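Below are the chains, spelled out letter by letter.
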Amino acid sequence: KKDIPAVNFIIHEIHCRRNIEICPYCSDSIPKSEMKNHIESEHVQVTCKCRMKMENSLLKDHEASSCPLRPVLCQFCDIPLAFNKLQEHELFCGARTEPCARCGRHVLRRELPQHPRLCG
């Protein structure tokens, strides 16, 4: 899968056929001696804490960006909670009030960013 100078091509091709395999799962070029380890470490099926099954190589990305149980912070109180609980929590948390430092009125937390424009 790389450009090889024409003078070295035959020797390179012999070397590749003898020493390199294409992974049947990801099509990467892997040394034959490392293929078993590659498959066991990258392509073995694992189960996330959300009970979704996937290849081990995809788990870290799943946990960081799409797992419903990934930890996220509430925009109002910075409490860490599971992503699938965030919306319900923020509906409650954003409806709480805090006194405005400038006017003293109690303002909904979700309206605090816009409040300074309306604050007398």
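Residues numbered from 1 in each chain as written. Predicted model: local features only at pLDDT ≥ 70, side-chain atom pairs only at ≥ 80, totals over all residues. Heavy atoms only, no water.

Asks: How should I be thinking about the overall build of the protein chain in this particular structure?
Replies: Counting secondary structure elements, the protein chain contains 5 helices and 8 strands. In the protein chain, the succession of helices and strands from N to C terminus is α-β-β-α-β-β-α-β-β-α-β-β-α. Computed over the C-alpha atoms, the radius of gyration of the protein chain is 27 Å, more than 25% above the 14 Å expected from 2.2 N^0.38 for a compact globule of 120 residues. Taken over the C-alpha atoms alone, the protein chain extends approximately 80 × 35 × 15 Å along its principal axes. Taken over 120 residues, the protein chain has a buried fraction of 20%. When contacts within the protein chain are restricted to residue pairs at least 6 apart in sequence, long-range pairs at least 24 apart make up 5% of them. On the protein chain, roughly 9,400 Å² of surface is accessible, and the fraction owed to carbon and sulfur atoms is 54%. In the protein chain, 18 positive and 15 negative side-chain charges are present, and the distance between their average locations comes to 6 Å. (Helix = DSSP H or I, 4+ residues; strand = E, 2+ residues; numbered from the N terminus. Rg over C-alpha atoms; globule rule 2.2 N^0.38 Å. Buried < 20%, exposed > 50% of the residue type's maximum accessible area, 1.4 Å probe, protein only. Contact = heavy atoms within 4.5 Å. Areas by Shrake-Rupley, 256 points an atom, 1.4 Å probe, with all protein chains shown as cover. Lys, Arg positive; Asp, Glu negative; His and termini not counted. Charge placed at Lys NZ, Arg CZ, Asp CG, Glu CD.)

Asks: Can you help me understand a nonpolar patch on the surface in this one?
Replies: On the surface, a cluster of nonpolar side chains totalling about 300 Å² of accessible area is made up of Phe9, Ile10 and Ile14. Positionally, Phe9 belongs in helix α1 (residues 9-19). For Phe9, a relative accessible area of 39% translates into the label partly exposed. (Patch = residues over 30% accessible without salt bridge, like charges linked within 9 Å, V, L, I, M, F, W, Y side chains within 5 Å. Salt bridge = Lys/Arg side-chain N within 4 Å of Asp/Glu carboxyl O.)

Asks: Hey, could you run me through the domain arrangement of the protein chain in this one?
Replies: Interfaces are frequently sized by the accessible area removed from exposure as the parts join. In terms of domain boundaries, the protein chain breaks down into domain 1 (1-42), domain 2 (44-69) and domain 3 (74-117). Its C-alpha centre places domain 1 at a distance of 55 Å from the equivalent point of domain 3. (Domains from an automatic or database assignment.)

Asks: Whenever I open this one, the state of the cysteines confuses me. Can you help?
Replies: Should the sulfur atoms of two cysteines be covalently bonded, the bond is a disulfide. Inspection of every chain in the model, using the stated rule, returns 0 disulfides. Cys26 forms no disulfide, and the closest cysteine sulfur to it belongs to Cys23, at a distance of 3.6 Å. Here Cys48 is not cross-linked by a disulfide; its sulfur's nearest cysteine counterpart is in Cys67, at 3.7 Å. Residue Cys48 is classed as buried on the basis of its relative accessible area, which comes to 4%. (Disulfide = S-S within 2.5 Å.)

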